[in-house]
Amino acid sequence: MVASQDAAAFGELIRRHQSQVRNFLRKLARDEALADDLAQDCFLHAWDKIHTYSGTGSFIGWVLKIAYTTFLQSKRKSKRYDEILEQAGHEMDRAAVTQQNAPEVEMDLDTLLAALNEQERVIMIFSYACGLSHREISEATELPAGTVKSIIHRAKEKIRTQFEIENHQYG
Amino acid sequence: MKSKIINMADKTSDAMDRLLASAFKSEPIADDGFSKRIVSRIRRRIWINRLALPVAVLVGAAFALKPAVQLVSALLPLLNVVPVEIASAPMEFLPQMQLIVLGGMAFAAGITLLKVLEET
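Going along each chain's sequence as written, the residues are numbered from 1 onward. Each chain gets a letter, beginning with A, and each ligand a number, beginning with 1, in the order they are written. Since the coordinates come from a predicted model, pLDDT governs what is reported: local features require at least 70, and pairs of side-chain atoms require 80 or more to be given and counted, while whole-chain, interface and lining totals use all residues. To obtain the side-chain values, all non-hydrogen atoms of the structure were used and water was disregarded.

A. Region of interest: the packing of aromatic side chains. We call Phe, Tyr and Trp rings a pair once their centres come within 6.5 Å, taking the six-membered ring for Trp, and we label the pair stacked below 30 degrees between planes, edge-to-face above 60, and tilted otherwise. A full pass over the atoms with the stated rule returns eight aromatic pairs over all chains. With a centroid separation of 6.2 Å and 70 degrees between ring planes, the pair formed by Phe43 of chain A and Phe34 of chain B is classed as edge-to-face. Here Phe34 of chain B lies in helix H2 (residues 34-75) and Phe43 of chain A lies in helix H2 (residues 32-49), a pairing that spans two chains. Of the two residues, Phe43 of chain A and Phe34 of chain B, neither departs from the other in class, the shared state being buried. A helix here means a DSSP run of H or I that spans at least four residues, while a strand means a run of E at least two residues long, and both kinds are numbered starting from the N terminus. We call a residue buried when its accessible area falls under 20% of the maximum for its residue type, exposed when it is over 50%, and partly exposed in between, using a 1.4 Å probe and counting protein chains only.

See below:
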């Protein structure tokens, strides 16, 4: 139905998946308005490319791959992104300091993401925020599945070390 | 002993996964017209794509009409040197050419109109 370029059917798909795509982009871009603009662009790109969707993988995995590409393109082009990222970086640094001063405070996402590099951040968001499988993340990021697994492992170790999470603490 | 270590590692990994899942968890975002805005942008783009060819034909024809007429009027005196039997054929054809162009435009407009009616 959608493959035959039915705008109404595609609208239904947007309604179903917009929350996940916008949440993904908000976590990446750290700015709601920018993320929503990117989400709109992402769905427009998805509409243009809908004939390339084979239907074998999950639709959300396919759309999130487009969302990630849209984000990367925007990042390359936009100065606004750099400004937001810089500002978000300062906020994350502040959050990290607060976290160190008050270890009993529940770990928030900004603090947690601040401990990771960009690639780890993207893959952890794909994995834990979007619930994509290693294979889907591998397709979205065009990295081998083994590399995705090792990046997740490394990121978890970083978080564990950075926040001094004891093995028994959450067991 | 080995299985105990593996179980411990799994338990730790599960606990870490739970912690991360809760940290990354986010509330669903309400649609609030988001999908409608995109669908209307998509419909607008469909319209633009549909209209692009007929509009391009019309604009092209409008630009080409004047030079074409000038060319034909420049060529007309040359027809005197051509034998009457041969010259008469294109002379009959020339008025039909305008009709063909107009007919083509009307056809393109008609197709567009039909698509519009189909869409609405």
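What follows continues from the structure just given.
B. Representation of the interface of chain A and chain B. Each partner contributes to the interface: chain A provides 35 residues, whereas chain B provides 28 residues. Using a 1.4 Å probe, buried area is obtained as the accessible area two parts lose upon being combined, added over both of them. Both faces considered, chain A and chain B share a buried interface measuring about 2900 Å² in area, 67% of it formed by carbon and sulfur atoms. Should a side-chain nitrogen of Lys or Arg be within 4 Å of a carboxyl oxygen of Asp or Glu, the pair is scored as a salt bridge. Our count for the contact surface shared by chain A and chain B stands at two salt bridges. A salt bridge links Asp17 of chain B to Lys156 of chain A, with the shortest nitrogen-to-oxygen separation between them at 2.8 Å. By definition, residues are in contact when any of their heavy atoms lie within 4.5 Å.

C. Unusual backbone geometry, seen in detail. Residues and elements named next belong to chain A. Even without a glycine there, the phi angle at Arg30 is positive, about 60 degrees. Topologically, Arg30 is positioned in the loop between helix H1 (7-29) and H2. Its relative accessible area of 22% is what places Arg30 among the partly exposed residues.

D. Broad picture of a nonpolar patch on the surface. All names here are of chain B. Among the surface-exposed residues, Leu51, Val55, Val59 and Phe63 lie close enough to one another that they form a single nonpolar patch of about 370 Å² accessible area. Residue position: Leu51 is located in helix H2. Under the relative-accessibility criterion, Leu51 is labelled partly exposed at 34%. Distance thresholds for patches are 9 Å for like charges and 5 Å for nonpolar side chains (Val, Leu, Ile, Met, Phe, Trp, Tyr), applied to residues having over 30% relative accessible area and no salt bridge. Note on areas: Shrake-Rupley, 1.4 Å probe, and residue coverage restricted to the protein chains presented here.

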